[in-house]
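Secondary and tertiary structure notes
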Amino acid sequence: MSLLIKNGEVVTADEQYTADIFCENETITRIERNIDKVKADEVIDAKGKYVFPGFIDPHVHIYLPFMGTFAKDTHETASRAALVGGTTTFIEMICPARNEKPMEAFELWLGKAEGKSACDFTFHMGVTRYDAEAERDFKEIVKRGLSSFKIFLAYKGAFGITDEELYAALTLAKKLGVIVTAHCENADLVLELQKKLLSEGKTGPEFHYWSRPPVVEAEGVHHLMTFAEMTGAHVYTVHTSCEEALAEAIRGKQRGVNVWVETLIQYLLLDRTSAEPNFEGAKNVMSPPLRDKKNQEVMWKALADGSVSTLATDHAPFDFEQKKMGKDDFTKIPNGIPSLEDRVNLYFTHGVKGNKIDVQRFVDTASTQAAKLFGLFPRKGAIKVGSDADLVVYDPNYRGKISAKTHQMNLDYNSFEGFEIQGRPHVVTVRGKVAARDGKFVGEAGRGQFLKREPSHF
Ligand code: URP
Ligand code: ZN
Ligand code: ZN
């Protein structure tokens, strides 16, 4: 299978130029101003369009047993949604319960994705317990191609770990060269605040915010910084939502902690009023919660100046029926705001078209940084000879609106319903084969490959 993309405006994290791109056997083999006289199975006219490296979502949940239920997408529906929206690789969190064996969880999650996903994928290994047996499994899992861990400082009694386990996990990570991604919220503070609010009869979704205010997240980040400083482990704060939490990460970085920060498209465009004023707001309950609007400018600036490295989704789809589990008690609302499909278009619209971020930094934060941090670069996140031919021919002149009626995600609502988008992928390729075209999935379920990664964070 060969593919020729003609006359596109190629944009990577560090370059922008007009060129033709020729791909054979799943990789990019030539990038030149004019490539003629080649026989290509498929030729795509990219004049007037951008050509971006395939976007990478470094934080998704697809198979997710959580809060007494399961997230709604399968790897088929999620990968379809990802591809239509320009995401060609995702990194899913393996989240075992504390009594499950890490190796069995790794095999379970891998088995769910292999043969089903249409896009390439890999995993962060959840460290949801730590003992000698688990440690043996973690070492083996790293040998089998995962080079990042995930820990939760929140969700006490579910995925959350103790400080003793945190210290052991970071110590092992440092030894193995594995980066540790972390959900940072102080679990005990959350529990105490939840109890207090419920005892006052404050049961609606709007009180979720007050059970996890910015200071609770900032304390979590501060805690992680202390442990990272003590162990030398490289860490990454997932779904960083607010100025206070970001400030703790920046302070950590300034004193030499190896820390990188992720934020989400939800925090850039939605604020805490989206979880009000009635139970419909449950659709927009996630953790950390949506914040006061003033944080949005802070996070946009941080993406532009490099304080924040990546823009992800933390895709975790629960339908409205599932959200109703928390009808009388906000602590029982399954947490998550799905956005795997819409991240790139919303980010392009509000970031690039909205003059908040330049187009190269857009590519960097939505693709290249994740590839670099998580051991995928330059196979992914790049347009180079030898890179996988994961390409997004992007039409900046498209105009449309987001709606649950037309989205691919397996969900009965969209938190961005009615949001306008200015731009969308015209063609999306996965290793040289067209997988999405103009909002339609045309790929193959099961073609996605498990991406093995080498540790690099020593
Ligand atoms: O609300 C969220 N973020 N749901 C998914 C689980 C997690 O904490 O990442
Ligand atoms: Zn989380
Ligand atoms: Zn998550």
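Keep in mind that what you see is a predicted model, and the values were worked out from it rather than measured.

Attention now goes to the overall build of the chain. When its secondary structure is counted, the chain shows 13 helices and 19 strands. Whereas a compact globule of 458 residues would reach a radius of gyration of roughly 23 Å, the chain reaches 21 Å, a difference of no more than 12%. Projected onto its principal axes, the C-alpha positions of the chain cover 75 × 50 × 40 Å. Relative to its 458 residues, the chain shows a buried fraction of 56%. By sequence separation, contacts in the chain at least 24 residues apart represent 77% of the contacts at least 6 residues apart.

The next subject is the nonpolar core. One finds Val51, Ile151, Ala169 and Val180 to be the most contacted residues of the largest nonpolar core, which totals 142 residues. In terms of residues, this core owes the most to one element, helix H7 (residues 214-231), which gives seven residues. Those residues in contact with Val51, other than ones at most four positions away along the chain, are Ile5, Gly8, Glu9, Val10, Ile21, Ala46, Ile383, Leu391 and Val393.

With their axes 8 Å apart at the nearest point, helix H2 (residues 102-113) and helix H3 (residues 132-143) run at an angle of 40 degrees to one another. One finds that H2 runs oblique with respect to H3. Contact with H2, carried on its side by Pro102, Met103 and Phe106, involves Ala134, Asp137, Phe138, Glu140 and Ile141 of H3 and no other residues of that element. Looking at the contact of H2 with H3 residue by residue, the classes come out as six nonpolar, no polar and two charged.

Working note: regular strand, side chains alternate between the two faces of the sheet. As paired elements, strand E1 (residues 2-11) and strand E2 (residues 16-24) share eight bridges and run antiparallel to each other. Across the sheet, residue Ile5 finds its bridge partner in E2, namely Ile21. Where E2 lies against strand E3 (residues 27-32), five bridges are found, and the strand directions are antiparallel. If you follow Phe22 over to E3, its bridge partner there is Arg30. Between E2 and E3, which pair antiparallel one after the other, the connecting turn spans two residues, and Asn25 there sits at a positive phi close to 50 degrees.

This part is about the site of ligand 1. Near ligand 1, the surroundings consist of His61, His183, His239, Met286, Ser287, Asp314, Ala316, Asn335 and Gly336. For the shell around ligand 1, a count of residues per class yields two nonpolar, six polar and one charged.

This next bit is on the environment of Ala71. With respect to the element layout, Ala71 can be found in the loop between strand E8 (69-70) and helix H1 (75-84). Separated by 339 residues in sequence, Ala71 and Asn410 have C-alpha atoms that sit 9.5 Å apart.

Three or four residues apart is the spacing at which side chains of an α-helix point the same way, because the helix has 3.6 residues per turn. Summarising burial for H1: nine of the 10 residues are buried, a large majority. What H1 keeps buried is the set His75, Thr77, Ala78, Ser79, Arg80, Ala81, Ala82, Leu83 and Val84. Downstream of H1 by a residue or two, Gly86 has a phi angle that is positive, lying close to 95 degrees.

The buried fraction of strand E14 (residues 259-264) is high, at six of six residues. Residue alternation in E14 divides its side chains into two sets, Val259, Val261 and Thr263 and Trp260, Glu262 and Leu264, and both sets are buried. Looking at chain direction, E14 and strand E15 (residues 310-312) are connected through three bridges and run parallel. Counted as the bridge partner of Glu262 is Thr310 from E15.

With that settled, consider unusual backbone geometry. With an omega of -5 degrees, the peptide bond between Glu276 and Pro277 qualifies as cis. Examined against the element boundaries, Pro277 turns out to sit in the loop between helix H9 (265-269) and helix H10 (294-305). The omega torsion of the bond from Phe377 to Pro378 falls at 0 degrees, within 30 degrees of zero and hence cis. Residue placement: Pro378 occurs in the loop between helix H13 (359-373) and strand E16 (391-401). Positive phi, normally seen in glycine, also occurs at Tyr155, with a value near 60 degrees. Among the secondary structure elements, Tyr155 is positioned in the loop between strand E11 (148-152) and helix H4 (163-176). You can call Tyr155 partly exposed: it has 19 C-beta atoms within 10 Å. A positive phi angle, near 60 degrees, is found at Asn355, a position not held by glycine. Inspection of the secondary structure assignment puts Asn355 in the loop between helix H12 (343-352) and H13. Take Asn355: there are 8 C-beta atoms within 10 Å of it, and that puts it in the exposed class.

If you walk across this open sheet you meet the eight strands as E6-E9-E10-E11-E12-E13-E14-E15, and the pairing is parallel. Of all strands in the sheet, those bounded by a partner on one side alone are strand E6 (55-60) and E15. With direction set aside, neighbouring strand axes in the sheet form an average angle of 30 degrees. One ladder, built from three bridges, connects strand E12 (residues 179-183) with strand E13 (residues 235-237); its direction is parallel. Its bridge partner lying in E13, Val180 is registered against Val235.

Quick notes on the rules
Numbers given for residues are sequential positions, taken from 1 along each chain in its written order. Chains and ligands are labelled sequentially in the order written, the chains with letters from A and the ligands with numbers from 1. Two thresholds apply to this predicted model, a pLDDT of at least 70 for residue-level local features and 80 or more for giving and counting side-chain atom pairs, whereas whole-chain, interface and lining totals are computed over all residues. Numbering of helices and strands runs from the N terminus; a helix is a DSSP stretch of H or I covering at least four residues, while a strand is a stretch of E covering at least two. This radius of gyration counts C-alpha atoms alone. The globule rule is 2.2 Å times how many residues there are, raised to the power 0.38. The exposure label follows from counting other C-beta atoms within 10 Å of a residue's C-beta, where the C-beta atoms are placed from the backbone and the thresholds are 20 or more for buried and 12 or fewer for exposed, leaving partly exposed in between. Here, residue contact means that the backbone-derived C-beta atoms of the two residues sit within 7 Å. For the purposes of this analysis, a nonpolar core is taken to be any set of buried Ala, Val, Leu, Ile, Met, Phe, Trp, Tyr and Cys residues that are connected through C-beta atoms within 7 Å. In this analysis an axis means a line fitted to C-alpha atoms, helices contributing only their contacting stretch, and an angle means the value between N-to-C directions, from 0 to 180 degrees. Should an angle lie under 35 degrees it is considered roughly parallel, over 145 roughly antiparallel, and from 65 to 115 roughly perpendicular; all remaining angles are considered oblique. Only Asp, Glu, Lys and Arg are considered charged, only Ala, Val, Leu, Ile, Met, Phe, Trp, Tyr, Cys and Pro nonpolar, and every remaining residue, Gly among them, polar. When DSSP locates at least two bridges between a pair of strands, those strands are taken to pair. The criterion for a residue being near a molecule or strand is a backbone-placed C-beta atom within 6 Å of that molecule or strand.

Taken by themselves, the reported measurements are silent on function.
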